[in-house]
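# Understanding the architecture of this molecule
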Amino acid sequence: SPNDTVKAIAFAQHNGLPTRLLDWSTSPSIAAYFAYWERFIQRIEVDDPHVAIWAIEEKRFDDTNPKSDVEILRPIDNQNNRMRNQDGIFTFLKTEDESLDTYISRCSNDAATMITQWILPASETKTAIEDLMLMGIDHRRTMPGISGLADYVQVRAKFEP
């Protein structure tokens with residue numbers, strides 16, 4: 001069934017396989033955790049002193065853009081713990097555009113006005129990760145299983161003297 005296909009693609013996405021899905025979280029805190037975590041754990045050294053969180057006006061975006069181009073998916077899958085724990089939804093880009101950014105930039109509708117970017121200071125990475133972990137937002141929650149636990153241990157180790 002179509003729902004089984006969506007569940008399979010979502011499962012693949014959450015297990016590292018390349019797909020046409022883009023992950024979103026309905027939780028700003030979880031989005032912040034992933035934005036900061038990538039810089040923190042991988043020690044990304046870039047000139048940009050910021051990290052970004054993106055938000056999408058889900059209903060307006062879904063109503064405005066043709067489903068044949070891009071669709072917002074909320075697969076219901078009790079077996080995909082990562083999706084559930086990340087409060088996850090997806091955009092599914094069905095065009096030949098390289099990315100959602102590329103699609104939006106060529107659209108004649110006002111899709112770009114339905115996506116907002118919040119810029120956060122990268123200098124607050126360690127503090128943000130610590131605060132989010134105190135709130136219970138870490139890889140043990142967002143990526144249940146052995147790989148999530150391993151990532152959690154890596155982060156905790158970076159805080160040890």
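Residues numbered from 1 in each chain as written. Predicted model: local features only at pLDDT ≥ 70, side-chain atom pairs only at ≥ 80, totals over all residues. Heavy atoms only, no water.

## Looking at helix H6 (residues 125-134)
Listed in full, the buried residues belonging to H6 are Thr125, Ala128, Ile129, Leu132 and Met133. Projection of H6 onto a plane perpendicular to its axis shows the buried side chains occupying an angular sector of 130 degrees, all on one side. Gly136 sits one or two residues past H6 and shows a positive phi near 85 degrees. (Buried < 20%, exposed > 50% of the residue type's maximum accessible area, 1.4 Å probe, protein only. Helix = DSSP H or I, 4+ residues; strand = E, 2+ residues; numbered from the N terminus. Arc of directions from axis to C-beta.)

## A closer look at the pattern of salt bridges
It is possible for side chains of opposite charge to pair when their charged atoms get near one another. If you walk through the whole model with that rule in mind, you get 8 salt bridges. One salt bridge connects Lys59 with Asp63, and the closest N-O pair in it is separated by 2.8 Å. Placement of both Lys59 and Asp63 in helix H3 (residues 58-64) is noted, with a separation of 4 residues, approximately one turn of the helix. By relative accessible area, Lys59 is classed as exposed at 60%. On the basis of relative accessible area, Asp63 is assigned to the exposed category, the value being 53%. The salt bridge involving Asp138 is made with Arg140; its shortest N-O contact spans 3.0 Å. Its relative accessible area of 44% is what places Arg140 among the partly exposed residues. Shared partners join several salt bridges into a network, and the residues in it are Glu57, Arg60 and Asp110. (Salt bridge = Lys/Arg side-chain N within 4 Å of Asp/Glu carboxyl O.)

## Notes on the nonpolar core
Nonpolar side chains tend toward joint burial in soluble globular proteins. Ranked by size, the top nonpolar core spans 18 residues in total, and within it Tyr33, Ile129, Met133, Val155 and Phe159 carry the most contacts. Put simply, the parts of the chain that give this core at least two residues each are helix H2 (28-42), strand S2 (50-56), H6 and helix H8 (146-159). No other element matches H2, which puts 7 residues into this core. When near neighbours in sequence (up to four residues on either side) are disregarded, Tyr33 contacts Ile129, Leu132, Met133, Ile137, Asp138, His139, Thr142 and Val155. (Core = buried A, V, L, I, M, F, W, Y, C linked by side-chain atoms within 4.5 Å. Contact = heavy atoms within 4.5 Å.)

## Description of the layout of surface pockets
The computed volume of the largest pocket comes to approximately 1100 Å³. Along the walls of the largest pocket sit 30 residues, with Leu22, Asp23, Phe34, Ala35 and Glu38 positioned nearest its centre. Only strand S1 (21-25), H2, S2 and helix H5 (100-106) provide two or more residues apiece to the lining of the largest pocket. The leading source of residues in the lining of the largest pocket is H2, at 7 residues. Lining the second largest pocket are 13 residues, with Ser25, Thr26, Trp54, Ala55 and Ile56 sitting closest to its centre. Going through the elements one at a time, S1, H2 and S2 are the ones with two or more residues in the lining of the second largest pocket. (1 Å grid on protein atoms, 1.4 Å probe; cavity = no way out; pocket = protein on both sides within 12 Å on 5 of 7 lines; lining within 4 Å. Points joined across faces, edges and corners; volume = space filled by probe spheres on them.)

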